[in-house]
Each structure stands twice: as C-alpha cells, then as structure tokens.
Amino acid sequence: MRRENVDQGDFVVLSEAKDLHLLARSGVCELPLYTRDVPAGALDLGDNTNLWGAPPTAVRVLCATSSNDIARYPSPYSAILKAAMLRYVRMDGAPGVDVVTGCGSDDVLDSTMRAFGGTGDSIAYSAPTFSMIPIFARLNGLESIAIPLTQSVDVDAERLVDCNAKITYVCTPNNPTGTVASRAAVEYVVTHARGIVLLDEAYAEFAPETFAGLVCEHEKLIVTRTFSKAFGLAGLRVGFGVGSSAIVDLVSRARGPYKVNAMAERAVLAALEPDGVAWVRDVTRQAIASRQRLTTELATLGLVALPSAANFVFVPTARARELANGLRERGVLVGVHDAALRIGVGPWEMMQTLIGALTEVLECA
Ligand SMILES: *Cc1c(COP(=O)(O)O)cnc(C)c1O
C-alpha cells in the first residue's frame, strides 16, 4: 500500500482516499449518516417537534437581531442561560446543583459518554429507545447493552443495574414508545447503579411527573432536557443537563466551549421568560388533549396505541411499513419502527388530515 502522507502542520495530506478509512478511528466508517426525506408540502408527523411552532417571544428576539449581537462569540458556557434553565426546572436555590448546556441535548448525551466512557466500557439502556444512543455509544468506543422493557412496559431496573455498566441510560417518557418509567424503577436504577446514570427527559413537559429533583441526592445522575420538543425550537439546537456541580463540571469539560450559538442563546432566554413559558404550557395542554382524542380515533380504526406521556403515539401493528408507505403516498409522514408506527401529535386539523389518509390506506389494503 502506498503511504505518502505529507505532514503540513496539524494536517496530514493523504495520497489516496482509501487511506482515510485506515486512518479513521475504529467503527467510524460504519457509523450511519442520518437521513430524513421530507418531500415539499408533506405533513411531517415523523420527528416529534412542536407542530404548533415556536414561542412568539423567541421569534421576536430573532427578528430584532443586530450586527453587534452576532459579530462576537457567545459566552463560552452560556452562563445567563444556565441560570434561567435552573429557574425553569425549579432548582435555582438547590445547593450543589448546576446545568450544562449543549448544541441540542444530543450534545449533552454525547459529552456525558465522552466524559465517562471509553474503549472497553459499556452503556446499558432500556430498549427500544432513542436511536442516537447506540450511535453515540459507538462513536465514544462504548459497548451497547440493550435490555428489553418488561411485560408491563416498564424499565427493567434490576437487569439494567446487573449489567454493571459504566453508564446506564433511561429515557422517560421514552422515544419511541411514549411510555413512562415508573418512579420505583427510576429510583432503583439511580440508587443501585455502579456508574453514571443518564436520564433523558426530552418529553418531560408532556408527562405527569419529572425525576429531575433526584439530582439533589444523587451525584452520579444527570437529567437531560431539550428545547427541541415542547419549546418548539428544534432548529436552534439547544438542550441541557441538570446534575450535581461535580458531574456538570466534568461533562462541561468534555463538551468544550461555545456550543450554544449567540442567536440560540438569546432566543432560548426569551422563551424562558414568563410569556414564553406560558405559551409552551398552553400548547402542551393542547397537545395532550389532541393526543387523547387521536388515541380514541385510532382505536376505532382498530389501531391501539400504547399509553403515551409524550407528544406522539406509538402504535404496534404488523402492517406498520405498508401503512407508513400508504400515508407517504398521501403526503403524510410518520415514523416507522420494526412493527409499529410513531405518530407526532399536533393541532386537531392536522390529526384530521392524518386520520382521513389512514382511513383511505386501510380501505385500500
Ligand atoms: C428529540 C430527542 C432528543 C433531543 O434532541 P436535541 O438534540 O435536543 O434536539 C433527545 N432525546 C430524545 C429521546 C429525543 O427524542
């Protein structure tokens, strides 16, 4: 094999493209690129974002941006934003609790794995779950251990803990099932896990309870939240993790500075003002009402959804792929998982479009 790499300062110029594959870290060549094909004009119910839009307070701030607002770097670790986030999760006076922000909560999940995991370590998680977890795990050299949900669709806390993994990941409400972990299961994992516990609450706003308060007693727990779902700001890419000052410090170091851009910082701050949060609460109430009504309508079509505490419903059906294709032909996009559909919940007119298309697909099949 020809190797004529020329050292040019920090960069190595390659003689042949295939050399790149040999130079890449192990596993990187096999990592999938994320793809989503959304035809123009389609009703996209496939990515769990906020179908009501974004908080008007955030949009106003973005429209009023001046040159000075973007000519300079933002704050390295979003100090002002962190304070507002702590207030939002009602942990601003909690001693020893801090926040790490990120370019989406994806960034916080990835940084946590990078801070604590390395080659030879493993991450155990309840499955099925968020599709990015095994990808970030592989990227960080971690071995993935998937533990199925129990018969009663709860997290199998004992089996998860018995994995003795460096990191244990639990998502509640869970993507893609929409189901919640019981408080008993979460407390068991947090109390007994040997290593770090990563609790993903991306859909907390739609759920009856949050477990974020557990970070006050458990130093090895980090709870992640996002502005991509209830807050309607997926395009800005902002998430955060709440945890002990010690865990937050380490994750922040692994993350690096300047991950939340200046526009996102300003818009999220505006979304966390009382008017922004009131908008989120109102739209969240509408989403929950829409979810209940959609669940009832689907049942009349013979499609029984799992009980959801998120802004989507998960509908097990052997015909998932066929139904999703039929919907796509009619301009409606939904998520497909092995033998289930995952349908985002939005304003009722959108749900009527979905139900109309689904009724047609079921009639033709
Ligand atoms: C959407 C989602 C996220 C959020 O990702 P961002 O990077 O914050 O947009 C995290 N976890 C789960 C389970 C999700 O579904």
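The rules behind these values
- Residues numbered from 1 in each chain as written.
- Predicted model: local features only at pLDDT ≥ 70, side-chain atom pairs only at ≥ 80, totals over all residues.
- Heavy atoms only, no water.
- Helix = DSSP H or I, 4+ residues; strand = E, 2+ residues; numbered from the N terminus.
- Buried < 20%, exposed > 50% of the residue type's maximum accessible area, 1.4 Å probe, protein only.
- Near = heavy atom within 4 Å.
- Polar contact = N/O pair within 3.5 Å; in protein donor to acceptor, adjacent residues only side chain to side chain.
- Areas by Shrake-Rupley, 256 points an atom, 1.4 Å probe, with all protein chains shown as cover.
- 1 Å grid on protein atoms, 1.4 Å probe; cavity = no way out; pocket = protein on both sides within 12 Å on 5 of 7 lines; lining within 4 Å.
- Sits in = over half its atoms within 2 Å of the grid points.
- Nonpolar A, V, L, I, M, F, W, Y, C, P; charged D, E, K, R; others polar.
- Core = buried A, V, L, I, M, F, W, Y, C linked by side-chain atoms within 4.5 Å.

(A) Quick peek at unusual backbone geometry. Cis geometry is adopted by the peptide bond preceding P173, which originates at T172 and carries an omega value of -10°. That bond from N175 to P176 is cis: its omega, 15°, falls within 30 degrees of zero. Its place among the elements puts P176 in the loop between strand 7 (167–171) and helix 8 (183–192). Phi is positive for V153, which is not a glycine, with a value near 55°. You can see V153 is positioned in the loop between strand 6 (143–148) and helix 7 (157–162). By relative accessible area, which is 26% here, V153 ends up partly exposed. With a phi close to 60°, Y258 is a non-glycine residue in the positive phi region. Mapped onto the elements of the fold, Y258 is located in the loop between helix 9 (245–255) and helix 10 (262–271). When its relative accessible area of 38% is taken as the criterion, Y258 is described as partly exposed.

(B) Spatial organisation of the site of the ligand. Around the ligand sit 13 residues in total, of which S105, Y203, T226, S228 and K229 are the nearest. A distance of 2.8 Å is found between an oxygen atom of the ligand and a side-chain nitrogen or oxygen belonging to N175. Here an oxygen atom of the ligand sits 2.5 Å away from a polar atom, N or O, in the side chain of T226. For the ligand, whose unbound accessible area comes to 390 Å², protein coverage reaches 93%. Judged by the fraction of its atoms near the pocket grid, the ligand is located in the largest pocket. Of the residues that constitute the shell around the ligand, the class distribution is four nonpolar, five polar and four charged.

(C) Main features of the nonpolar core. Core analysis: the biggest nonpolar cluster contains 82 residues, and L294 and I343 have the highest contact counts within it. By size, the runner-up hydrophobic cluster in this structure holds 23 residues, among which are I133, F136, I167 and L198.

Interpretation in functional terms is not warranted from these geometric data alone.
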